[in-house]
Structures are given as structure tokens and as C-alpha cells.
Amino acid sequence: MPTFYLDDQAIEFEPGEKIIAAAKRAGIDIPHYCYHPALSVVATCRMCLVDIVDMGNGRPAPKLMTSCSTDAAEGMKILSQNEKVVEGRELVMEFLLVNHPLDCPICDQAGECTLQDFSFEYGSGNSEMEYSKRVYGWRDIGTFVTLERNRCIHCTRCDRFTREITGTNEFGVFNRGHQLTVDTFTDQPMTNKFQGNMADICPVGCITEREFRFKKRAWKLKKTNSICNRCSTGCNITVEEDKNKVFRFKPRENQEVNQWWMCDDGRISYRDYGKNKNRFLQPMGRVKGNLVKASWDQIFEALKSRIADLSPNPNEVVALSDNFASNEELFLLKKMLADVFDSDKIFFPLRAWSQHETAYPIDSLITTDKSPNRAGAIALGLLGDEDDAKLKEALSETVKIAFILGNPFNEDNEILELLAKAELIVYIGTENNHWTEKADVLLPGQTHVEKEGTFTNKNSRVQRSNIAVKAPKETKPEWMILTELIQFMGKDADFHTSRAVFEAIGASNDHFKGMTFDSVGDLGSLLTSI
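Residues numbered from 1 in each chain as written. Predicted model: local features only at pLDDT ≥ 70, side-chain atom pairs only at ≥ 80, totals over all residues. Heavy atoms only, no water.

Even after reading the chapter, I still don't get the overall build of the protein, so can you show me in this structure?
Secondary structure summary: the protein contains 15 helices and 22 strands in total. For the protein, the spread of C-alpha atoms along the principal axes amounts to about 90 × 50 × 40 Å. Across the 530 residues of the protein, 55% fall into the buried class. When contacts within the protein are restricted to residue pairs at least 6 apart in sequence, long-range pairs at least 24 apart make up 65% of them. Entry remark: accessible area of the protein is about 24000 Å², with carbon and sulfur atoms responsible for 50%. The distance from the centre of the 64 positive side-chain charges to the centre of the 77 negative ones in the protein is 4 Å. (Helix = DSSP H or I, 4+ residues; strand = E, 2+ residues; numbered from the N terminus. Buried < 20%, exposed > 50% of the residue type's maximum accessible area, 1.4 Å probe, protein only. Contact = heavy atoms within 4.5 Å. Areas by Shrake-Rupley, 256 points an atom, 1.4 Å probe, with all protein chains shown as cover. Lys, Arg positive; Asp, Glu negative; His and termini not counted. Charge placed at Lys NZ, Arg CZ, Asp CG, Glu CD.)

Structure (C-alpha cells):
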């Protein structure tokens, strides 16, 4: 690859690559506002100025150049820290702050604002402005984001996002010079399903999320890498929490899955966590028709005794799981049925789904498949068909014991009624639902932000979910519940972590062959085949 030199450091680049992009790939950040790798280059902010002392032909550039719009060239020599560049950046910062209000104490962007950061690092701290700042009136642009035009520095990222990424063209730049402003067209609210990304790419507090407005200071939030489980795309996210409460989900870059983006439905799914109103938090068993709280050991001992009394044959035991269970949980559920009951009757809802495709790749993030691990269930060999014929056939025979993981088939009253005839129903999950009304035993699990696990997305990419918040005291991750159940039944299941379970999957399943938790990494790993 050809090479140029930035502050005497050699940097390789692809032909046609811009200086700022090559530097970023090499781990060197050049300050910028308007540049974004997904958007067209406009070079409006001028913050990425560099001094090219040798264009690669022995001649210097006649003036400071914007690194976002200048192609790298073989042998080019660039300085980004000399006196000329420092003075240029100071002038740019002074210009950008001419009209920007100093309302950092009440701005949601405070703490993650590049204008703050660059003002401190590159600004002069002085201004020659002697007149009142430009002031715009309030504008409501929709239900998901807010617009505070006084803070805009005219980077035009928002405009380019709706033109080039979503293709909705509902946002634009209006007027010229001192009166230049951003707004929606014809005063209409935005309707695209990716509005939150505009708040992400806005470098100042001009566009912010309504959901997060005035709720928490950004520097108080602790971030954990995870994935969104709202659908089978599995967008990479950070779960951001404080004092064990989730405040928001933000997209995390993964070029193989969601690039830099995520849909608004995925963002607001953070609301599902931390609500204990419909959640059961202790093991319970049904005594004379009523659910009674018990300890884990009491529940397991009672289960062991009851299963021994029923003495079912393999055809009399079934298990149902939804597609929100992790690979580890599905593996252990299948292992329990096989090792303890010699049964392979474990079913999941296999539904038809479609993928909307357009000229804009961001639309592929939204799919009709709202289950995060359908592909994992298929790869692990669970049973399923689109009309649930196999399950209904199995339930037409005598069923003594049923294990329910999550909330599967909750929309099918026929399945609910058939399974209600079982003599023992064991429910493993987090919330009360149709199944908990019929279950004899309730075992409290944990949500996906409270436990560690892996999920397989629609493109057969295995991705990790990590612990972001502490789970309620009496709950356990489902993989641990299933491990302890197997052990109480006298079978071998020596798993002390979810990682150990995943490595067992990698050692025994051809689709996951050779995979380990560490090899999956933060960006995921593809199945060998499915």
C-alpha cells in the first residue's frame, strides 16, 4: 500500500482515500465536525485543517487544507500540530462560537459534546464578537428528537443523513450566510424510523433525543457493550445505565451488522428494563391452586420428587421456548430433555418473515422477524414449522411434563389449552403471562441486560450480550437454572459460567464448531453454515 507521513508517522492508505480517513484507521484522530465516514464530504466546518508541506511532488500546498476533502498521495508530508495549524484551528473555533449560546449547564449534549472538547483543546479562549448572538424561535420537528437551532454550527450532517442514509429528504438547510438554518421542509414533523441517529451524529446539542432529555448527565452513565434484542438484526449497542437503572441504548459501530445506526424502536426498548410491576422475583410453586413462594432448594427438591412420581416416558415430556432465549439457554434446555428424559421434543415458533430492501442499506435494519435468536434455535436443532403442526401433533398425545422457557406460542390458544392438560408445567422466565397462570412451578430468570449470553442474528452472526445491570437478588440467569435442574436430576452439567456453556456448544455443534466466547468478540462471528 502507498504511504504518506503525518507528523513524521508513516500511514498507509488506499488509493483515493482521504487524509482524515486514513489517519483515523491508523488510530490518529484529526478534529472535525462535518466529516462522517458514512456521509458525503462537504468540508464546511474547516476544523480538520492540516498543513501539507509536501504534496508528494516536492511542493507544499499554498494554504492550509481540509483533511476530509484532500486525497492522500504517495510521499505526502503533513503537519497537524505546527503553529500555522494551531492558529487556523483557533480562528475556526472562534468563528463557530460566534453565535453558539453558552448554555452547556442545561444542554443534554454536555459531557459528550465535541464543541466543548475542541473548545478546550484547540480554542484560544478569546473572542472579538461585540454584538448579540443570533436567536431562533422554538420548532417542534417530531416526537422522537428535538431541535434547538441556536446551537447549530452548520455542519449539515443532519441534512445529509436524511438525503443520503434514509432517503426521506425531510430535513434541510435553508437561507444563506448569517441567516442560515436547519429545519424540516414545509414545517412538517419527521416521520422516518431512524431519527435518533440524527441526535447521535449531531456534534453539538442542536438535535437531541426527547427520551433522554433532562434525565441524566452523560458523564454519569456507565456503558456496556451489548446487542439490541428487539428483532433478528441484532444491532450492536451500548447499554447506558446509572445506579442500576438503564437510561438509554445507543448504537455501536459494527460494519457487518448495523454500521453506525439503529432504529428508533430499538432505542426505546430500554423502557422494558427496570420495570418490576409485572415481574415475579422469587421461585414459586402451586399449592392447592395458589402460588406459594419458596427457596430455590425447596423448589428443586419438590420438582425432583414430583418428576420421580410421574415417571414419564420420553414421549410424555415436551419443552417450548421462544426466540428470545440465548444460544446457551436453548442448548441446555435441549440437553436437559435429552439427558434427563431421553426426549427430543423441544419446540420453538418458526414464523415466516420478510426483509424490506431498498436502495438505502439502513432500511435493512428493520425486519418483520422480531425474534433475536430464531437462527440460533435452527442451528441448535430445535423443532419448529410455520403452522406448528409438529408441536400440535406432539401435544395431541399424553403430556405429563412441560417446560416453558420465555413466552412462546402465547398467541395460540389451541396450544395453550392442549398444554394446560399436562400434570406438571414448569415455567422459566421473567414476567407473568398466560403461561404463569397455568404453571405449577415458576422459576425467575433474568433479562438480557442482566446476564451474559450469545444470540444468532438473521445473517447467522453470533454476537455477545453482556451484563449491564445487577439483577434482582432471588433471580438467576436461565442457563444457571437449567444447569442446576440437570444436576438435581442426577445428570452431569458442570457449567459454572455462560462462557463454559458456549464452549460446550462449540465443541459439540457443527454450526458453532470451534467457537469460544472470546473468539466471538465484540463484533460477532459467523456460523460455519446453517
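Explain the packing of helix α2 (residues 83-96) against helix α3 (residues 114-122) here, please?
Angle between the axes and distance between the axes: these two values describe a pair of packed helices. Close contact between α2 and α3 brings their axes to 10 Å; oriented N to C, the two are set at 140 degrees. When the axes of α2 and α3 are compared, the pair comes out oblique. Crossing of α2 against α3: the hand is left-handed. Residues R89, E90 and M93 of α2 pack against L115, F118, S119 and Y122 of α3. Among the residues forming the contact of α2 with α3, the class breakdown is 4 nonpolar, 1 polar and 2 charged. (Axes fitted to C-alpha atoms, helices over the stretch in contact; angles between N-to-C directions. Parallel < 35°, antiparallel > 145°, perpendicular 65-115°, else oblique. Left-handed = near helix turned anticlockwise from the far one by under 90°. Nonpolar A, V, L, I, M, F, W, Y, C, P; charged D, E, K, R; others polar.)

How should I be thinking about the sheet that holds strand β3 (residues 49-54) in this particular structure?
The pairing of strands in a sheet comes from backbone hydrogen bonds and takes either a parallel or an antiparallel form. Taken together, 5 strands build an open sheet; the order of strands is β2-β1-β5-β3-β4 and the sheet is mixed. Each edge of the open sheet carries a strand with a single partner, namely β2 (9-12) and β4 (65-66). Where strand β1 (residues 3-6) lies against β2, 4 bridges are found, and the strand directions are antiparallel. What sits directly across from L6, in β2, is Q9. Of the strands in this sheet, β3 and β5 (77-79) touch α2, which is tilted by about 155 degrees from β3. (Pairing = 2+ DSSP bridges.)

Can you help me understand the pairing of strand β8 (residues 181-184) in this one?
In summary, the side chains of a regular strand alternate between the two faces of the sheet. Neither face of β8 is open: one carries T181 and D183, the other V182 and T184, and all of them are buried. The antiparallel pairing of strand β7 (residues 171-174) with β8 creates a hairpin that spans 6 residues between the two strands, and N175 there sits at a positive phi of about 65 degrees.

Whenever I open this one, the side chain of T208 confuses me. Can you help?
Within the secondary structure, T208 sits in strand β9 (residues 207-209). Those residues within four positions of T208 in sequence are excluded, and the remaining contacts are D108, Q109, F144, V145, T146, A199 and R213.

Mind showing me how you'd approach the sheet that holds strand β12 (residues 245-251) here?
Pairing within the open sheet is antiparallel, and its 3 strands lie in the order β10-β11-β12. Each edge of the sheet is formed by a strand with only one pairing partner; in this case those strands are β10 (222-227) and β12. The average undirected angle you get between the axes of adjacent strands in this sheet is 30 degrees. Here β10 runs beside strand β11 (residues 236-242); their pairing, made up of 6 bridges, is antiparallel. Of the residues in β11, the one forming a bridge with S226 is I237.

Help me out: how do you make sense of the packing of helix α8 (residues 327-341) against helix α13 (residues 478-488) in this one?
One way to put it is that α8 packs onto α13 with a least axis distance of 9 Å and a crossing angle of 15 degrees. When the interaxial angle is binned, α8 and α13 end up roughly parallel. Crossing geometry of α8 relative to α13 is assigned as left-handed. Here α8 contributes E328, E329, L332, L333, K335 and M336 to the contact with α13, which in turn contributes E478, W479, L482, T483, L485 and I486. The residue inventory of the contact of α8 with α13, partitioned by class, reads 7 nonpolar, 1 polar and 4 charged.

Just to check I follow, could you spell out the pairing of β1 for this structure?
Where β1 hands over to β2, the hairpin turn is made up of 2 residues, of which D7 adopts a positive phi near 50 degrees. Here β1 runs beside β5; their pairing, made up of 2 bridges, is parallel. Paired with Y5 across the strands is K77, a residue of β5.

How do you make sense of the nonpolar core when you look at a structure like this?
A general trend in soluble globular proteins is that nonpolar side chains are found buried together. Judged by nonpolar contacts, the single largest core of 53 residues is most densely connected at Y33, F171, I207 and F249. Mapped onto this core, the elements with two or more residues apiece are α2, α3, β6 (145-147), α4 (157-165), α5 (196-201), β11 and β12. For F249, the residues in contact, after removing those within four places along its chain, are I237, T238, V239, M262, G266, R267, S269, Y270, Y273 and V449. (Core = buried A, V, L, I, M, F, W, Y, C linked by side-chain atoms within 4.5 Å.)

So what exactly am I meant to see when it comes to the pattern of salt bridges here?
For side chains bearing opposite charge, pairing can occur when the charged atoms are close. Across all of its chains, the model carries 35 salt bridges by this definition. Salt-bridge contacts for R149 lead to D183; the nearest nitrogen and oxygen are separated by 3.5 Å. With R149 in the loop between β6 and α4 and D183 in strand β8, the pair connects residues that are 34 residues apart, well separated along the chain. Pair check on accessibility: R149 and D183 agree, each one buried. Ionic contacts of the salt-bridge type, sharing partners, join the residues D200, E209, K250, D264 and R267 into one network. (Salt bridge = Lys/Arg side-chain N within 4 Å of Asp/Glu carboxyl O.)

Explanation requested: α2 in the structure shown.
Residues spaced three or four apart along an α-helix face the same direction, because each turn holds 3.6 residues. Given a rise of 1.5 Å per residue, 14 residues ought to cover 20 Å, and the 20 Å separating the end C-alpha atoms of α2 matches this to within 8%. For α2, the set of buried residues is V85, G88, R89, V92, M93, E94 and L96. Taken together, the buried residues of α2 touch β3, β5 and α3. (Expected span 1.5 Å × (residues − 1).)

I'm lost on the side chain of D385 in this one. Help?
Position of D385 relative to the elements: it lies in the loop between α9 (374-379) and α10 (389-396). No salt bridge is formed by the buried D385, whose closest oppositely charged neighbour, K390, lies at an N-O distance of 4.9 Å. Separated by 2.6 Å, the side chain of D385 and the backbone nitrogen of D388 make a polar contact. Looking at D385, its side chain comes within polar contact range of the main-chain nitrogen of A389, at 2.7 Å. (Polar contact = N/O pair within 3.5 Å; in protein donor to acceptor, adjacent residues only side chain to side chain.)

Any chance you could explain the state of the cysteines here in plain terms?
The bond known as a disulfide is covalent and runs between the sulfur atoms of two cysteines. A complete count under the given rule lists 0 disulfides for this structure. With no disulfide of its own, C155 lies 6.0 Å from the sulfur of C202, the closest cysteine sulfur. The exposure class of C155 is buried, given its relative accessible area of 8%. Looking at the unpaired C206, the closest cysteine sulfur is the one in C152, lying at 4.4 Å. (Disulfide = S-S within 2.5 Å.)

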